[in-house]
Amino acid sequence: MNDCVKVIKADITTLPVDAIVNAANNSLLGGGGVDGAIHHAAGPKLKEYCRKLGGCKTGEAKITPGFLLPAKFVIHTVGPIWGEGNEEQKLEDCYRNSLLLAADNGCKTIAFPAISTGAYGYPADKAAGVAIRTIRIFLLQNSSIDQIILACMGNHSYEILHNALQSIM
Ligand code: AR6
């Protein structure tokens with residue numbers, strides 16, 4: 001199972017995977033951080049498409065084409081804001097619902113950013129534990145996805161996710 005999950009240092013918008021996950025907000029109309037980078041790289045058609053989706057609840061996920069991205073799809077999910085309550089359950093929902101949506105759309109490879117750990121303030125070590133545990137449970141029940149990439153930008157988040165992967169998987 002460990003072989004199927006990998007932590008890398010990369011800009012998620014450059015990855016040629018079937019789906020990249022966007023850490024979006026409830027409007028799905030773009031923002032800063034990884035959301036801004038994905039919208040910038042995908043081009044304006046992504047926002048146009050998202051406008052028709054009617055937003056997204058925290059913990060849920062919606063799929064769009066990748067437009068100009070190397071990824072075929074973008075799966076938009078909305079992480080919890082640290083302090084709003086029930087954060088762990090909501091973050092688990094983000095990972096699980098994104099993986100289920102990817103599997104339903106025939107994706108074999110998917111890349112996640114560290115959802116909620118930027119503007120939304122979720123402590124990176126706690127979020128890494130939730131991410132890896134949820135991925136592990138998903139893989140025990142579903143074998144249709146071959147590769148799950150956890151893409152992070154900085155050394156610090158790389159170390160945290162790498163350590164969580166070693167200790168939990
Ligand atoms: N590739 C991979 N990881 C990235 C990239 C990238 N190109 N850019 C940033 N990260 P954040 P959130 C990392 O703030 O906390 C937006 O405005 C970043 O270092 O993007 O879920 C939305 O519209 C951090 O570790 O997402 C929402 O309003 C992680 O991605 C809000 O921010 C997540 O940071 C969502 O906040």
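Everything below is about the structure shown above.
One numbering rule holds for all chains: residues counted from 1, following each sequence as written. Residue-level local features of this predicted model are given only where pLDDT is at least 70; pairs of side-chain atoms are given and counted only at 80 or more, and the full residue set underlies all totals for whole chains, interfaces and linings. No hydrogens and no water enter the side-chain calculation; it runs on all heavy atoms of the structure.

Draft legend 1. Spatial organisation of the nonpolar core. If you look at the biggest cluster of nonpolar residues, it comprises 37 residues, and the most contacted ones within it are Ile75, Ile110, Phe112 and Ile148. Secondary structure elements follow DSSP: runs of H or I no shorter than four residues count as helices, runs of E no shorter than two count as strands, and numbering proceeds from the N terminus. No other element matches helix H4 (residues 124-141), which puts 8 residues into this core. Ignoring any residue separated from it by four or fewer positions in sequence, one finds Ile110 in contact with Val17, Ala19, Val21, Ile75, Ser98, Leu99, Ala102, Ile145, Gln147, Ile148 and Ile149. Buried residues of nine kinds, namely Ala, Val, Leu, Ile, Met, Phe, Trp, Tyr and Cys, make up a nonpolar core once their side-chain atoms join them within 4.5 Å. Per-residue accessibility, obtained with a 1.4 Å probe over protein chains only, is compared with the maximum for each type, and a residue is labelled buried under 20%, exposed over 50%, and partly exposed between these values. Leu15, Val17, Ile20 and Ala111 belong to the second largest nonpolar core, which has 19 residues in total. By the convention used here, residues are in contact when the closest approach between their heavy atoms is within 4.5 Å.

Draft legend 2. Looking closely at the site of the ligand. Near residues are defined by distance, with any heavy atom within 4 Å of the molecule or strand qualifying the residue. Around the ligand there are 21 residues in total, and Asn25, Gly32, Asp35, Gly118 and Ala119 lie nearest to it. Backbone polar atom of Val34 to an oxygen atom of the ligand: 2.8 Å apart, as the coordinates give it. What qualifies as a polar contact is a pair of N or O atoms within 3.5 Å, subject to a donor-acceptor requirement within protein and to the restriction that residues adjacent in sequence count only when both atoms come from side chains. A distance of 2.8 Å is found between an oxygen atom of the ligand and a backbone nitrogen or oxygen belonging to Gly118. Accessibility throughout is a Shrake-Rupley quantity obtained with a 1.4 Å probe, and a residue counts as covered only by protein chains that appear here. When the ligand sits alone it has 700 Å² of accessible area, and the protein chains cover 85% of it. Those elements giving two or more residues to the shell around the ligand turn out to be strand S2 (19-24) and helix H1 (33-42). In terms of residue count, the dominant contributor to the shell around the ligand is H1 (4 residues). Note on residue categories: nonpolar means Ala, Val, Leu, Ile, Met, Phe, Trp, Tyr, Cys or Pro, charged means Asp, Glu, Lys or Arg, and polar means any other residue, Gly included. Grouping the constituent residues of the shell around the ligand by class yields 12 nonpolar, 7 polar and 2 charged.

Draft legend 3. Spatial organisation of the packing of helix H3 (residues 87-104) against H4. Only the stretch in contact is used when a helix axis is fitted, and all axes are lines through C-alpha atoms; the angle between N-to-C directions ranges over 0 to 180 degrees. Where H3 meets H4, the axes come as close as 9 Å, and the angle between the chain directions of the two elements is 40 degrees. Judged on the interaxial angle alone, H4 and H3 are oblique. Where H3 crosses over H4, the two elements pack in a sense that is right-handed. Within the contact between the two elements, H3 uses Glu88, Leu91, Glu92, Tyr95, Arg96, Leu99, Leu100 and Ala103 and H4 uses Ala127, Val130, Ala131, Arg133, Thr134, Ile135 and Phe138. A class-by-class count of the residues in the contact of H3 with H4 yields 10 nonpolar, 1 polar and 4 charged. With respect to orientation, any angle under 35 degrees is reported as roughly parallel, any angle over 145 as roughly antiparallel, any angle of 65 to 115 as roughly perpendicular, and every other angle as oblique. With the far helix as reference, a near helix turned anticlockwise by less than a right angle produces a left-handed crossing, and one turned clockwise produces a right-handed crossing.

Draft legend 4. The environment of Arg136, seen in detail. By the element assignment, Arg136 lies in helix H4. Taking the C-alpha atoms as reference points, Arg136 and Val5, separated by 131 residues in sequence, lie 9.1 Å from one another.

Draft legend 5. Quick peek at the pattern of salt bridges. Every case where a carboxyl oxygen of Asp or Glu lies within 4 Å of a side-chain nitrogen of Lys or Arg is listed as a salt bridge. One pass over the structure, following the stated rule, counts 3 salt bridges. Between Glu84 and Lys90 there is a salt bridge, with the nearest N and O atoms lying 3.0 Å from each other. In this structure, the salt-bridge partner of Asp93 is Arg96, at a minimum N-O distance of 2.9 Å. Separated by 3 residues within a single helix, Asp93 and Arg96 lie in helix H3, roughly one turn from each other. Judged by its relative accessible area of 17%, Asp93 is buried.

Draft legend 6. The packing of H4 against helix H5 (residues 155-168), seen in detail. For the pair H4 and H5, the least separation of the axes is 9 Å and the interaxial angle reads 45 degrees. The angle between the axes of H4 and H5 places the two elements in the oblique class. Between H4 and H5 the crossing geometry is right-handed. Where H4 abuts H5, its residues Ala124, Asp125, Ala128, Gly129, Ile132, Arg133 and Arg136 lie against Ile160, Leu161, Ala164, Leu165 and Ile168. Classifying every residue of the contact of H4 with H5 by side-chain character gives 8 nonpolar, 1 polar and 3 charged.

As far as function goes, none of this settles anything; it's purely spatial.
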